[in-house]
Every structure is written in structure tokens, then in C-alpha cells.
Amino acid sequence: MSIQMLDGRKLFLIQTPHATYALAVDGRQRLRHVYWGAKISRPEDLPDLAGQQEAASANRWQAPQEYRTGEGFDFAEPALEAVFSDRVAGAQLAYRGSRIGQENGLDVLSIVLEDTHYPLEVTLQYRHYPGTDLISRNSVIRNTGREPIILKAMKSASLAMPRGYAWRLTHMAGNWAKEFQKEQLMLTHGKLVIENRRGTSSGPQAVPFFALDEQGQATAANGEVWYGVLHWSGDFSIALETDPFDQTAITAGISAAGSSWRLKPQEQLTTPLLTLGYSAAGFDAMSEALYDLQFDFLAPRAKAHQVRPIIYNSWYPYQFAIDEGKLLSLAEKAAAIGAELFVIDDGWFRGRTDDRAGLGDWVACPDRFPRGLEAIADRCHELGMQFGLWVEPEMVNPDSDLYRAHPDWVIHQPTREKTLQRNQLVLNFARDDVRDFAIAMLDRLIKDYRLDYLKWDMNRYMTEPGWPDATAGEEGSLKIRYLFNLYQVWDHLNRSHPQVLFENCAHGGARADFGMVPYADRINRSDNADPVDVMKLHEGFTTLFLPKTAGGAGNISPSPNTINGRVTPLSFRAHMGMMGSMSVGINLLQSPPEELSELRTWLETFKRLRPDLQDAYVYLLASAYRHPYAIFQYVNRARTATTLFAFGHGLNFQQQLPLIRLRGLQPDAVYTCEDGRRLSGQALMNRGVPIRLRGDYASHVETWRRHD
Ligand code: DGJ
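These numbers come from a predicted model, not from an experiment. (Residues numbered from 1 in each chain as written. Predicted model: local features only at pLDDT ≥ 70, side-chain atom pairs only at ≥ 80, totals over all residues. Heavy atoms only, no water.)

Draft legend 1. Expanded view of the sheet that holds strand β23 (residues 386–391). With respect to topology, eight strands assemble into an open sheet ordered β29-β28-β27-β26-β23-β22-β21-β30, the strand pairing being parallel. Edge strands, defined here as strands with exactly one partner in the open sheet, are β29 (550–551) and β30 (583–584). In the sheet, strand β27 (residues 501–504) pairs with strand β28 (residues 522–524) via two bridges, with the strands oriented parallel. If you follow Glu503 over to β28, its bridge partner there is Arg522. (Pairing = 2+ DSSP bridges. Helix = DSSP H or I, 4+ residues; strand = E, 2+ residues; numbered from the N terminus.)

Draft legend 2. Quick peek at the pattern of salt bridges. For the coordinates displayed, the defined rule picks out 52 salt bridges. Between Asp235 and Lys479 there is a salt bridge whose closest N-O contact spans 2.8 Å. Taken as a pair, Asp235 in the loop between β15 (225–230) and β16 (236–242) and Lys479 in helix α7 (residues 478–496) lie far apart in primary sequence, 244 residues in all. In this pair, the class of Asp235 matches that of Lys479, namely buried. The network of salt bridges with common partners includes Arg350, Asp361, Asp399, Asp401 and Arg404. (Salt bridge = Lys/Arg side-chain N within 4 Å of Asp/Glu carboxyl O. Buried < 20%, exposed > 50% of the residue type's maximum accessible area, 1.4 Å probe, protein only.)

Draft legend 3. Layout of the packing of helix α1 (residues 282–298) against helix α8 (residues 531–544). Contact pair α1 / α8: the axes reach a minimum separation of 7 Å and the direction vectors enclose 65 degrees. Here Met286, Ser287, Leu290, Tyr291 and Gln294 of α1 lie close against α8, whose contacting residues are Thr542, Thr543 and Leu544. Residues that form the contact of α1 with α8 fall into these classes: four nonpolar, four polar and no charged. (Axes fitted to C-alpha atoms, helices over the stretch in contact; angles between N-to-C directions. Contact = heavy atoms within 4.5 Å. Nonpolar A, V, L, I, M, F, W, Y, C, P; charged D, E, K, R; others polar.)

Draft legend 4. Quick peek at the site of the ligand. Taken together, 14 residues lie near the ligand, and Asp345, Asp346, Lys455, Asp457 and Asp527 sit nearest. Asp345 places a side-chain nitrogen or oxygen 2.7 Å from an oxygen atom of the ligand. The separation between an oxygen atom of the ligand and a polar side-chain atom of Trp390 is 3.0 Å. Notes on the ligand: free accessible area 290 Å², of which the protein chains cover 98%. Looking at the shell around the ligand residue by residue, the class counts come to four nonpolar, four polar and six charged. (Near = heavy atom within 4 Å. Polar contact = N/O pair within 3.5 Å; in protein donor to acceptor, adjacent residues only side chain to side chain. Areas by Shrake-Rupley, 256 points an atom, 1.4 Å probe, with all protein chains shown as cover.)

Draft legend 5. Focus on the packing of aromatic side chains. Taken as a whole, this structure holds 34 aromatic pairs when the rule is applied. An aromatic cluster is built from Trp232, Trp261, Phe484, Tyr487 and Tyr519, whose rings are joined through pairwise contacts. Here the basic side chain of Arg198 rests over the ring of Tyr461, its NZ or CZ set 5.7 Å away from the ring centre. Sitting above the plane of the Trp261 ring, Arg481 keeps its charged end 4.1 Å from the centroid. (Phe/Tyr/Trp six-rings, centres within 6.5 Å; stacked < 30°, edge-to-face > 60°. Lys NZ or Arg CZ within 6 Å of the ring centre and 35° of its normal.)

Draft legend 6. Region of interest: unusual backbone geometry. Looking along the chain, the bond that leaves Gly203 and enters Pro204 is cis, with omega of 0 degrees. For Pro204, the location among the structural elements is in the loop between β13 (190–196) and β14 (209–214). Between Ser559 and Pro560 the backbone carries a cis peptide bond, its omega angle lying at 0 degrees. Considering the arrangement of structural elements, one finds Pro560 in the loop between β29 and α9 (570–578). One non-glycine residue with positive phi stands out, namely Arg87, at about 75 degrees. Following the sequence through the fold, Arg87 ends up in the loop between β5 (80–83) and β6 (93–103).

Draft legend 7. Expanded view of the environment of Tyr67. Within the secondary structure, Tyr67 sits in the loop between β4 (31–38) and β5. Sequence separation of Tyr67 and Val122 is 55 residues, and the distance between their C-alpha atoms is 9.4 Å. Polar contacts involving the side chain of Tyr67 include one to the side chain of Ser139, which spans 3.1 Å. A polar side-chain atom of Tyr67 sits 2.7 Å from the main-chain carbonyl oxygen of Lys155.

Draft legend 8. Summary view of helix α3 (residues 324–337). Helix length check: α3, at 14 residues, gives a terminal C-alpha distance of 20 Å against a target of 20 Å (1.5 Å per residue), a fit within 8%. Among all positions in α3, only Glu324, Leu327, Leu328, Leu330, Ala331, Ala334 and Ile337 are buried. Tucked inside the fold, the buried residues of α3 contact β21 (311–313), α2 (315–318), β22 (341–344), α4 (374–382), β30 and α10 (593–614). The N-terminus of α3 is capped by Asp323, whose side-chain oxygen sits 3.3 Å from the backbone nitrogen of Gly325. Gly338 occupies a position one or two residues after α3 and carries a positive phi of about 110 degrees. (Expected span 1.5 Å × (residues − 1).)

Draft legend 9. Quick peek at the packing of α3 against α10. Relative orientation of the contacting elements α3 and α10 amounts to 50 degrees, with a least axis distance of 8 Å. Judged on the interaxial angle alone, α10 and α3 are oblique. Here Lys333, Ala336 and Ile337 of α3 lie close against α10, whose contacting residues are Leu596, Leu599, Arg600 and Leu603. Taken together, the residues of the contact of α3 with α10 break down into five nonpolar, no polar and two charged. (Parallel < 35°, antiparallel > 145°, perpendicular 65-115°, else oblique.)

Draft legend 10. Region of the structure containing the sheet that holds strand β32 (residues 629–636). Read from one edge to the other, the open sheet built from six strands follows the order β31-β32-β33-β36-β34-β35, with strand pairing classed as antiparallel. Every other strand in the sheet has two partners, leaving β31 (616–622) and β35 (678–680) as the edge strands with one partner each. Each neighbouring strand pair of the sheet contributes to a mean axis angle of 25 degrees, computed without reference to strand direction. As paired elements, strand β34 (residues 670–673) and strand β36 (residues 698–707) share four bridges and run antiparallel to each other.

Draft legend 11. Structural detail: the side chain of Glu474. The topology assignment puts Glu474 in the loop between β26 (453–456) and α7. Given a relative accessible area of 8%, Glu474 falls into the buried group. Ignoring anything within four residues of it in the chain, the contact list for Glu474 reads Lys264, Trp467 and Arg481.

Draft legend 12. The arrangement of the environment of Asn561 in detail. Note that Asn561 resides in the loop between β29 and α9. Judged by its relative accessible area of 4%, Asn561 is buried. Separated by 533 residues in the primary sequence, Asn561 and Arg28 have C-alpha atoms spaced 64 Å apart. Residues contacting Asn561, with those up to four places away along its chain left out, are Asn528, Ala529, Asp530 and Arg566. Within polar-contact distance, the side chain of Asn561 engages the backbone nitrogen of Ile563 at 2.7 Å.

Draft legend 13. Expanded view of the nonpolar core. Counting 185 residues, the largest nonpolar core has Leu151, Phe342, Ile344 and Trp348 as its most contacted members. For this core, the element with the most residues is α7, which contributes nine residues. In contact with Phe342, not counting residues within four places along its chain, are Tyr312, Leu327, Leu330, Ala331, Ala334, Ile376, Cys380, Met385, Gln386, Phe387 and Gly388. By size, the runner-up hydrophobic cluster in this structure holds 26 residues, among which are Phe180, Phe209, Ala289 and Phe541. (Core = buried A, V, L, I, M, F, W, Y, C linked by side-chain atoms within 4.5 Å.)

Draft legend 14. A look at the pairing of β27. Burial along β27 is two-sided: the face carrying Leu501 and Glu503 and the face carrying Phe502 and Asn504 are both buried. Pairing between β26 and β27: four bridges, direction parallel. Along β27, the bridge assignment pairs Leu454 with Phe502. Running through α7, the crossover from β26 to the neighbouring parallel element β27 is right-handed. (Right-handed = clockwise from strand over helix to strand, strands pointing away.)

Quick look at the structure:
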């Protein structure tokens, strides 16, 4: 058991392989944060707070409260803000009890706190993922009384960093077609908030992730890193605040901006998980731990370790201009080059010949698909391919039968004009009838069209966030209930169709977050598949997410590229495609025979390399942010094989790359390259290997396997 409580002292310890997390109850029965960092094995080494009678306060060099409520002189960002029926605001939480137990193989610590006067109970939960240095925290907020309580802040957790250090923050920012751009800065006194308020997504302008290292000293392979990811796909905030006493605190969870929750008598609200990690070995170990979390605990279980099929997707070459004849011809070509899953993207349903109409009317367009989609599904299966379909269940075009029948189903404020984005409105998923409509519709599509794969897209943010039909007092919970119901739909899909692959797409990577990880087998990394831009996009993506989930409509993209018009050789695009969930988005009906045959060869190469790439860790050996080249190293989890991907663009003069030093291998093992070279793990990691990149858009791939 990784969790213990020292009874006499009410000290709680979570011991992970390399880290310790400690909290304790003080003499006033307040729960205080004691320690989070590198391992301290002896509990007696940690301070005893039992005799501490003084109120915790942000004005002193004291252990802050573990779940901050603004009590007394604590002026930091609160995790909880409650307003009671007598209009008194602010909670004062005292320790009431604790439980240590197990849940789904995880050790769980639950600490129950209760307001000193009002009927409000907060249970703080800590779960340790065995074998890792990861702990998930969240809170369960419960009204034990007879009057409603208004929650104006309901964060998952507040945290305290070791006091007195200067912290560098690593986070990610971006935009459509420019997701996962890493940014680093030193925190100063004051507050920095990483936040998204767009309602339907967590990103890509911000990503619910932070990492801190002292003075910017951590590197890829060395140094201490404290980090966290929030499992939430909507409005979130991560506030990092350093007070005048140099105490940096973090408060993270659902963004309270624009949301509140009216907690009915006896009702409880469970906040999303915030997974926290500590690495003593730099950023690589952080990513490895997050991968382990996905492989071993979070990714949809039945398919977590399956290889991802090679996809052919209709979007880049054809957009809305699709019909049965064209798709049947395409399916033949896709099967001939070696694709394993044929996906019809947007444009297949009634009224959908452009983005102005049809969203909501989920039946095959009778003019363009007179036999429905069944004929195409059957043909794909005959050709030995799986069959998949695009949907955007949360949206509706005003020009649709669904909207005409249910204008009240959209998020809107009756006194405001409805803002359109991509000619569409957002269906109010907070409504249970809308949720049930989506479940029935998706079940029907999966069954009728014999789907092996479903691509769930989401293409706009919330505006005018109103819910006129809400029960009085519950309007403020719109954005939160929207997400709860959204997860229920995804949960239903996974439970009812365990063999179907699901893609989480949100106009690219706008919903790439740990809230969605348990439900989706593939994540759209970006609508931008230009291979030069992917040199950077993939760096950010693989910092957090499994490379085999890195999706998109065509990781082998058309040239010229649809986003930026760049022309690149097929070899460069194909090697880039191999690093993620391989998909082809090329107009095969116009491809000359040489291109088709080259594509077939690249897909065969990928199939040969794929077993070692799927359940692999990724190390960034050279970053495109610093060099005119990028080198990614994949190491399978057994550490028996490693594959190097090198990409050059804009190399100057006679630029020679340094010997490239690998990581994560077994030092004493001997590895053999496909070309016959043999080197020990030590030599590969300490001296390195030469990589030659010549000319623009040069790429190179090599695999080393352990020689047993
Ligand atoms: C945005 C997605 O990211 C694309 O892959 C594609 O599916 C389009 N939407 C279709 O409208």
C-alpha cells in the first residue's frame, strides 16, 4: 500500500517510487499541505503540525491549507467558493475523518472535511497509479443540509510548491492549425492563469497542462520537474500564483468564469481529476509517466495495446464533393495501396454539399448515395478494409430538419442574436433529451452502416451561453453539465461498441486533453499535416500523448499542402506519417501509377516498422525549434527496439549534424541496425550515431534491435 496515515499525528503520506506527497491535520483541525517532492521515506522526518494552533495564512511562512477556501488571511486563489442560503460566502473546512482503500487496483486516500458551521462536506480524493510517480487528485463537494448552496468556484485541487524557489513554467499555447506550441517563462510574483473559456473545448489556445522546474535547470533527461494534467475537456483554469513570501501555489480545475453550480440539498458534485507527477529525471521521465498512465490505466482498455490501422480519409482531396461512385473507386485504390480502414469524412449526409446545411440530419444523402452507405461499407469489408464515418453530433445548421423541429435545442439567449461559426450552432448537450438523441443517433449509424470506426468532430466554440429552459437556478451549470453529458455519450459508445475505434477530433486538436483520453483511440493532432509544421506539432503532442494516437485526416498529406501550399516530396510526408496514427489524405484517383506504387511501398515499410512504434516512448533528440532539423527516437516499452526518425529542412552550408546520442536503452545490451551495424546501448547513448541529411526535405529512418 503506497498510502499511509500516522495515527498519532494525523499525517498522511503517499509514497511513490521516487516521490513523496504529504499532508497533515493541524491543531485547529485544518488540513495542511506538508510536502511534495523527491522521496522522504521516514515519516518522522516531516514536520509535526498537530501542535500548530495558529490559523494558516498567506501572510506567513506557513504550510498552506491543502484545499484553499480563502479562510482568514488566505488571499490566494481559492479552490472552493461557496455561498450559503443566508448569503454568507466562503467555507471553513475542518478535518472529520479519512479512509484508505483500493479502487480498480489503485490505492485511494479520501479525506473528509466539513464546514465548521454550514452543512457542506468536501471529500478530497488521492489516487496513486501503481508503479508510477503519478497521483490524481479531485474533490467531491456535498450539500448535507436542506437549503441549496451556490458554488462559485469548485476546483479539483490546490497545491503548494516547495517554498522559496524561482520556478520556470512550461505550458502549451496555440491556435487552429498551430496546436501544442511549447512556451516557457519564469514565474514572477503575482498570478498567471492558463485558461480556456470557449465552452466546447479545452484548447488549442491553452492546454490543461503545466510543468515547473527550478530556475529552468531541468533538461530532457536531467533535473526535477513537477507537473500536472487536468482531465477536463471544457472551460478550465490553472492559476499559478506566487505570494510575497515566495510561496508558489497552484489552483486547478473547472474554470469558474461564466459557470456556477447550485448544489441542491443532499446533492454532490464530483470535480475532474488533476493528475500530478514528479520527475527526478527531466522532461523525458514526465512524458514516459504520462504514457504509462495512458497505456496501463486510461486508454480504452480493449484497444489500448492494439496497433492502429492505416486509414484512408476522403477529406483533404474531396471535402464535400463526394458520392457513391467516387468513393467506391477510391476504396479500390485505397485497398490497393495497403490502407486498412476507409473513412468517409464530412459531406455524406442530407443537404451537406457545403458547410451551410445538413448538420443534424444524420441520414445518407439520397441523391449522392441512393443505396445509403451500406454498399460502400460492404465493399470496403470485401476489400479487406474496415469502414469508418465522420460525424459532428454536438452541432446543427439552422438549415436542417433537426433545427426546424427543435430550435430550442441550441445554446442561446432569447434576447441575443445567435452568432454563427461555420454556419452552425451548438446543440445544448446539457439537456438530457439532446444527449439521448445523440446516443440513439450514433447507435443507429454504427449498426446500420456497420461501422468499425467513428470520427467525432467538433467545429465551434460556445457563444451566448444561455439555456432558457433550465430549471431555475441551474443556468449557471450549462457548461459543466454539457461536459458531463458529453462524457456520458462517449462512455456509452465505448461500452456498447467495445470493438469500434473512436477518434476525438475537434477542428484538429482542440479537445486533446486527458478528459477525453479514456474514450478515444485516436486524437486529431491538427488539421495541419504539412510535414514541416508537423516537425513542431508532433513535439508538443508527444510530450503528453501516445504517438500512435496522433491522428488527422491525412498524415500523409497532399502536396501542395492544403494549409500553406508547401510542396514536399512523398518520402518526407510518408516518414512523417509513420510517426503517428498513419493516414493517407491524397487524391488517389488522380495519382499517377508511380505515386500509387511509391505509396504502396511506404505503407509496406510502415507495416514492417509498426509493431515497434505502437507501444513506444518518444524521445526528442533534436527539436525543430532550435535546429533546421528534428530527430525523434521511438523506443518500444520492452526496450528491445528503437527507431530514429530524422527530418531536415533549411539546412545551410555544409551543415553536418553532431553524432546523435540516443536515450532510454539498456546500456549493456547490444543493438543491431538493419544495415548490419552493431553497437552497445552504452555506445548508442554516450557516443551516438551519425545521421546524414542532404538537401531540403531530407528524411531518414533507421531501426536498431536488441541482439539477445
Ligand atoms: C475539421 C476536422 O478537423 C477535419 O479533419 C475534417 O473532418 C473537417 N472538420 C470536416 O468538416
